[in-house]
Amino acid sequence: DTGVSQDPRHKITKRGQNVTFRCDPISEHNRLYWYRQTLGQGPEFLTYFQNEAQLEKSRLLSDRFSAERPKGSFSTLEIQRTEQGDSAMYLCASSFRTGRVEPKMNEQFFGPGTRLTVL
Amino acid sequence: GENVEQHPSTLSVQEGDSAVIKCTYSDSASNYFPWYKQELGKRPQLIIDIRSNVGEKKDQRIAVTLNKTAKHFSLHITETQPEDSAVYFCAASIPREDRLAFGKGNQVVVIP
């Protein structure tokens, strides 16, 4: 399977615990995005990477959230001291950003998501 | 920041009829507008997209129209089939942040 993969698919944790999710993008993609999705809502942007550089982070994102993409391939999203309000589907997406003079945004391919439940 | 809104929130259509979903955006600098389909329990998948230098794009039963002046774009599905039942999300690019902003989604129900 050459699509975007995420691990784990489901995570149940107790309030206050730390959790870490992994995303493996499509191999030739240089862009990697993290989103959060709750019931009845669209994907809410969290952060994104261009290769290994984290270029943008949502202003609404708590300091308890951190993401890395150490070698420009897979990425991890960590949530520290989880709260019940963190319960959601965490989606990863990747794309190939083209062009230097006139950069163009292209299709984002989504992974299956990690469903987090905080008890 | 960019505000993306979709109307109506839920749309029911008879099989074979057409469905139209409208999306409005606030940032006049937005230049890329994709539509994603998400079936229950599955990942969002791109069904069609349009760039700001084009007014309309069609792919079989799916079409998207863009009105830059009014800052809205619409998804048109013709000859609807039961497998078109899903949630459809529109998105608009935020050029200064180089990312997408998504709408809340439209639930489309095709009644056999």
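Since this is a predicted model, take the numbers as computed values, not measurements. Numbers given for residues are sequential positions, taken from 1 along each chain in its written order. Each chain takes a letter, starting from A, and each ligand takes a number, starting from 1, following the order in which they are written. Note on the predicted model: pLDDT of at least 70 is required for a residue's local features to be given, and 80 or more for side-chain atom pairs to be given and counted; whole-chain, interface and lining totals, by contrast, use all residues. Based on all heavy atoms of the structure, the side-chain values leave hydrogens and waters out of the count.

Details of the interface of chain A and chain B
By the convention used here, residues are in contact when the closest approach between their heavy atoms is within 4.5 Å. Contacts between chain A and chain B engage 23 residues on the former and 16 residues on the latter. Summed over both partners, the accessible surface that disappears when two parts come together, traced with a 1.4 Å probe, is what is meant by buried area. Of the roughly 1800 Å² buried between chain A and chain B on both sides combined, carbon and sulfur atoms contribute 50%. Area buried by chain A at its contact with chain B is led by Met105, Glu107 and Phe110 of chain A, which between them contribute 31% of it. A carboxyl oxygen of Asp or Glu within 4 Å of a side-chain nitrogen of Lys or Arg is what we treat as a salt bridge. Our enumeration of links across chain A and chain B arrives at three salt bridges. In this structure, Glu97 of chain B engages Arg59 of chain A in a salt bridge whose closest nitrogen and oxygen atoms are separated by 3.7 Å. At the level of secondary structure, the elements contributing two or more residues to the side of chain A that touches chain B comprise strand 4 (31-37) and strand 5 (44-50) of chain A. If one sorts the elements of the side of chain A that touches chain B by residue count, strand 4 of chain A sits on top with four residues. Secondary structure elements are taken from DSSP: a helix is a run of H or I of four residues or more, a strand is a run of E of two residues or more, and numbering for both begins at the N terminus.

Regarding the pairing of strand 3 (residues 19-24) of chain A
Residue and element names in this part refer to chain A. Throughout this description, buried means an accessible area under 20% of the type-specific maximum (1.4 Å probe, protein chains only), exposed means over 50%, and partly exposed covers the range between. Alternating positions in strand 3 separate cleanly, Val19, Phe21 and Cys23 being buried on one face and Thr20, Arg22 and Asp24 remaining unburied on the opposite face. When DSSP finds at least two bridges between two strands, those strands are taken to pair. Pairing analysis gives three bridges linking strand 1 (residues 5-7) to strand 3, with the strands arranged antiparallel. Note that in strand 3 the partner of Ser5 across the bridge is Asp24. Relative to strand 8 (residues 75-79), strand 3 is paired through five bridges, and the arrangement is antiparallel. Across the sheet, Phe21 pairs through a bridge with Leu77, a residue of strand 8.

Looking at the packing of aromatic side chains
Think of it this way: a Phe, Tyr or Trp ring, Trp meaning its six-membered ring, pairs with another when their centres are within 6.5 Å, and the plane angle makes it stacked under 30 degrees, edge-to-face over 60, tilted otherwise. Taken as a whole and assessed by the stated rule, the structure comprises 15 aromatic pairs over all chains. Seen from their ring centres, Tyr33 of chain A and Tyr35 of chain A are 6.2 Å apart, and the 20° between their planes marks the pair as stacked. For the pair formed by Tyr33 of chain A and Tyr35 of chain A, the shared burial category is buried. What links up through ring pairs into an aromatic cluster is the set Tyr33, Tyr35, Phe45, Tyr48 and Phe110 of chain A together with Tyr36 and Phe102 of chain B.

Examining the pattern of salt bridges
All told, the structure shown has ten salt bridges over all chains when counted by the stated rule. Here Lys57 of chain B and Asp49 of chain B are joined by a salt bridge, their closest N and O atoms 2.9 Å apart. In this structure Asp49 of chain B comes out as buried when scored by relative accessible area, which is 13%. Through salt bridges with shared partners, a single ionic network connects Arg31 and Arg97 of chain A together with Asp98 of chain B.

Quick look at the sheet that holds strand 3 of chain A
Residue and element names in this part refer to chain A. Strands sit in the order 1-3-8-7 across an open sheet of four strands; the sheet is antiparallel. With one partner strand each, in any of the chains shown, strand 1 and strand 7 (65-68) form the two edges of the open sheet. Direction aside, the axes of adjacent strands within the sheet are offset by 15° on average. Only the contacting stretch of a helix is used when fitting its axis, a line to C-alpha atoms as for every element, and angles between N-to-C directions run 0 to 180 degrees.

Digging into the sheet that holds strand 3 (residues 19-25) of chain B
All names here are of chain B. Spatial strand order, 1-3-8-7-6: five strands in an open sheet with antiparallel pairing. Of all the strands in the sheet, the pair left with one neighbour each is strand 1 (4-7) and strand 6 (56-59). Sheet twist, expressed as the average angle between the axes of neighbouring strands with direction ignored, equals 15°. In terms of strand pairing, strand 1 meets strand 3 through four bridges, oriented antiparallel. By the bridge assignment, Glu5 is partnered in strand 3 with Thr24.

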